[in-house]
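Listed here are the chains, written in short residue letters.
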Amino acid sequence: MFFRASSSRRRARALGAAAVALGLATVTGCSGGGDAGDGKLKVGLVASLSGTYKPVGTELRAGFELYLETHDNKLGGREVELIVADEGDGPPTAVPAATKLVKKDKVDVLTGFVSGGSVNAVLPLVEQAKIPFLGSNARPPVKNLEYIWTTSFMSDEPGRAIAPYIKEKVDGPVYAIGPDYQGGYDELRGFTDEFKRVKGKLANPSGKTTWTPFPKTTNFMPYFAEIAKTDAKAVYCFYAGKAAIDFAKQYAQSDIAHLPLYTAFVTEGSVLQAQGDAAKDIYSVLNYSADLDNDANRKFVADWTAKHDSQPTTYAMSSYDAAAVLDKAVADAAKDGEVTPQTVNKAIDGLGQIDSPRGAWEFGAKEHAPVQTWYLRQVRKDGDQLANVMVEDLATLGG
C-alpha cells in the first residue's frame, strides 16, 4: 500500500451564505419525546443488505460502524443506538424499512441509502417527520432540501468530472451505456451532457445512452456486439454491485476488449477482487482513493484494514463521514442547548469544513452536497493485489 501527495486543489471552496430554513420545535420521531435528554441518540441506517447492491450496502453499514467502534460508540458525546434496515434493490423495500425506523423505532436521524430512487421515495416521510436525512451514497437533485444532506455526491458529478478528460485522451467517439433506473439516468446524464458541452461525440447510433434493463441484465455480450459495430474508440459506463462484476468480466472476453473502458464505480469495492484480471487497466472516476496521502486517510485505512481483508472504498468512507458529521453536529447542538432532530439539523448547516479521508470538504448551500475533489484512478497491481490506484486530480465539483 502506498500514498500519493495531495494537491492544493483538494481544498474545498467556501460554503455559500444561504442558510437552511428550520422547522418548528415539535419533532416527530425523536427519542425522549422531542429532546433526547440523557437518552441515546437513535440512528436509523438503511442500506442494501440483499439484492444486486448488497456489496455496496454492506460497506455503507461497515463504514458507519467503524466510526462508532473507534469513537466509543458515541456521537457528540452521546451513546448511539444504531438500528439497521435492509433497503433491498430500491423503493419497494426501502420505503417500508424507513417507515418502520421513523414511525415505530422513532429514530432521530436517517442515514445510508444506496439507490437514488429510494431517496426520492422516502422524502415525504422525512419531510413529515422533520428529522435529518444524511444520505451516504449518490443522490439525485431534490426540491426541498430543508432536512436533506449527503456526504457522498450528486449522482451526475462523476460523469461531469471525467468527461473533459476523456474528450482530451480519446481520439474519436465514445459509447455510453448504463442501467435503466434513477441512478443510471443521473450518472450517464452527467457524462453525456458534459461530453457534448466539450464537443465530444457519442458513438451510440441514436446519439443517446444505451440502457440495459435493471436488475435483470446479467448477459452484456449482445450489447458489446452492438458496440463493436460502431466507430467507438472507448466506452463510458456506470455499474455497481453484481452488475459491475458481470460487466467487467464479460467486457474482457468481448470483441471490444481492446477499447479503453472509463467508468464510475465498476471496480469499486469487493467487486474488484471478484473481477480479477478482467479489471486490469480499467479507469474509474471517484471522490476517493485509498492511497490518498493525508492524516485522516492514513488513520481510516489503518482502522479499516485492521478489521477487513480489503482496502476501504468510497461507500465506506462516505458513511464513515456521515458519522463524523453527526459527531460534530450533535456536539454543537448540545453546546447550544437541547439535542433534537431539528437542532442537529441546524448544527449540520453550520459545520463548515470536514476533515475527511478524501481530503477536506464542506456542504455546499445549493444542493447540501460536498464541495470536493474528483480523482482519476486505474486498476493496477499494488503488491500482490489489484487496486484502484490514483492517477491524477480531475476537477473540484459540488455545491
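Our subject is the structure listed above.
Below is a short write-up of the structure.

Calculation rules
- Note that residues are indexed from 1 along each chain, following the sequence as it is written.
- Where local features are concerned, this predicted model is filtered to residues with pLDDT of at least 70; where side-chain atom pairs are given and counted, the filter is 80 or more; whole-chain, interface and lining totals use all residues.
- Computation of side-chain values covers all heavy atoms of the structure but excludes hydrogens and water.
- Working definition: helices are DSSP H or I runs of at least four residues, strands are E runs of at least two. Numbering for both runs from the N terminus.
- Exposure classes here rest on a 1.4 Å probe applied to the protein chains alone. A residue is buried below 20% of its type maximum, exposed above 50%, and partly exposed in between.
- Contacts described as polar in this section are N or O atom pairs within 3.5 Å, which, within protein, must combine one atom able to donate a hydrogen with one able to accept it, while residues neighboring in sequence count only if both atoms come from side chains.
- In this description, a nonpolar core means a group of buried Ala, Val, Leu, Ile, Met, Phe, Trp, Tyr and Cys residues linked to one another through side-chain atoms lying within 4.5 Å.
- What makes two residues a contact is simply this: any of their non-hydrogen atoms within 4.5 Å.
- The axes are straight lines fitted to the C-alpha atoms, using for helices just the contacting stretch, and the angles between their N-to-C directions are given from 0 to 180°.
- Should an angle fall under 35 degrees it is called roughly parallel, over 145 degrees roughly antiparallel, and 65 to 115 degrees roughly perpendicular, with every other angle called oblique.
- The crossing is said to be left-handed when, going from far helix to near helix, the turn is anticlockwise and less than a right angle, and right-handed when the turn is clockwise.
- Polar here means any residue other than Ala, Val, Leu, Ile, Met, Phe, Trp, Tyr, Cys and Pro, which are nonpolar, and Asp, Glu, Lys and Arg, which are charged; Gly is therefore polar.
- Each pair of strands is called paired provided DSSP finds at least two bridges between the two strands.
- Think of a 1 Å grid over just the protein atoms. A cavity is a set of points where a 1.4 Å probe fits yet cannot get out, a pocket is an open set with protein on both sides within 12 Å along at least five of seven lines, and lining residues have an atom within 4 Å of a point.
- Grid points are joined across faces, edges and corners, and a volume is the space filled by probe spheres set on the points.
- When the strands point away from the viewer and the connection leading from the first strand across the helix to the second strand turns clockwise, the crossover is called right-handed.
- What counts as a salt bridge is simple: a side-chain nitrogen of Lys or Arg found within 4 Å of a carboxyl oxygen of Asp or Glu.

**A few points about the side chain of serine 48**
Within the secondary structure, serine 48 is located in the loop between strand E2 (41-47) and helix H1 (54-69). With relative accessibility at 1%, the residue serine 48 sits in the buried group. A polar atom in the side chain of serine 48 sits 2.6 Å from the backbone oxygen of glycine 88.

**Observations regarding the nonpolar core**
In this structure, Phe64, Leu75, Ile162, Ile166, Phe191, Tyr236 and Tyr262 are the most contacted members of the largest nonpolar core, which totals 75 residues. Looking at this core element by element, the count peaks at twelve residues for helix H10 (residues 314-336). Other than its neighbours up to four places away in sequence, leucine 75 contacts Leu41, Phe64, Tyr67, Leu68, Val80, Ala323, Leu326, Asp327 and Val330. Among the nonpolar cores identified, the runner-up in size contains 24 residues, and Val235, Tyr251, Leu261 and Ala279 belong to it.

**Re the packing of helix H2 (residues 91-104) against helix H3 (residues 116-129)**
In the contact formed by H2 and H3, the axes pass within 9 Å of each other and the chain directions differ by 25 degrees. When the interaxial angle is binned, H2 and H3 end up roughly parallel. In the packing of H2 onto H3, the handedness of the crossing is right-handed. In contact with Pro91, Ala94, Val95, Ala98, Thr99, Val102 and Lys103 of H2, H3 contributes Gly117, Ser118, Ala121, Val122, Leu125, Gln128 and Ala129. Here the residues of the contact of H2 with H3 sort into nine nonpolar, four polar and one charged.

**What about the sheet that holds strand E4 (residues 78-86)?**
Read across the open sheet, the six strands follow the order E3-E4-E2-E5-E6-E7; overall the sheet is mixed. Strands at the two margins of the open sheet, each flanked by one partner only, are strand E3 (74-75) and strand E7 (148-150). Sheet topology note: the strand E5 (residues 109-112)/strand E6 (residues 133-135) ladder contains three bridges and is parallel. Paired with glycine 112 across the bridge in E6 is glycine 135.

**Focus: empty space enclosed by the protein**
By rolling a water-sized probe across the atoms, one finds the places where empty space is left. Scanning the entire structure with this criterion turns up three cavities of 30 Å³ or more. Considering only enclosed or pocket space, the largest cavity measures out at about 130 Å³ in volume. Val114, Asn137, Ala138, Tyr181 and Phe238 are the residues nearest the centre of the largest cavity, which is lined by 15 residues in total.

**Overview of the environment of alanine 248**
The topology assignment puts alanine 248 in helix H7 (residues 241-252). Alanine 248 sits in the buried class, given a relative accessible area of 1%. If we ignore the near neighbours within four places in the chain, the residues touching alanine 248 are Val266, Gln275, Ala278 and Ile282.

**Description of the pairing of strand E11 (residues 261-264)**
Burial of the side chains of E11 extends over both faces: Leu261 and Thr263 are buried on one face and Tyr262 and Ala264 on the other. Of the pairings in the sheet, the one linking strand E10 (residues 234-238) to E11 comprises four bridges and is parallel in character. Residue pairing for E11: phenylalanine 238 is matched across the bridge by alanine 264. Traced from E10 through H7 to E11, the parallel crossover comes out right-handed.

**Quick notes on the pattern of salt bridges**
Going through the model one piece at a time under the given rule, you end up with 13 salt bridges. A salt bridge links arginine 377 to glutamate 268; the nearest nitrogen and oxygen atoms lie 2.8 Å apart. You can see arginine 377 sitting in strand E15 (residues 370-382) and its partner glutamate 268 sitting in the loop between E11 and helix H8 (271-275), a full 109 residues away along the chain. Since its relative accessible area comes to 2%, arginine 377 is described here as buried. Glutamate 268 sits in the buried class, given a relative accessible area of 5%. One salt bridge connects arginine 298 with aspartate 295, and the closest N-O pair in it is separated by 2.3 Å. Note that arginine 298 and aspartate 295 are positioned in helix H9 (residues 295-307) at a spacing of three residues, about one turn of the helix. The structure contains a network of salt bridges with shared partners spanning Asp156, Asp186 and Arg189.

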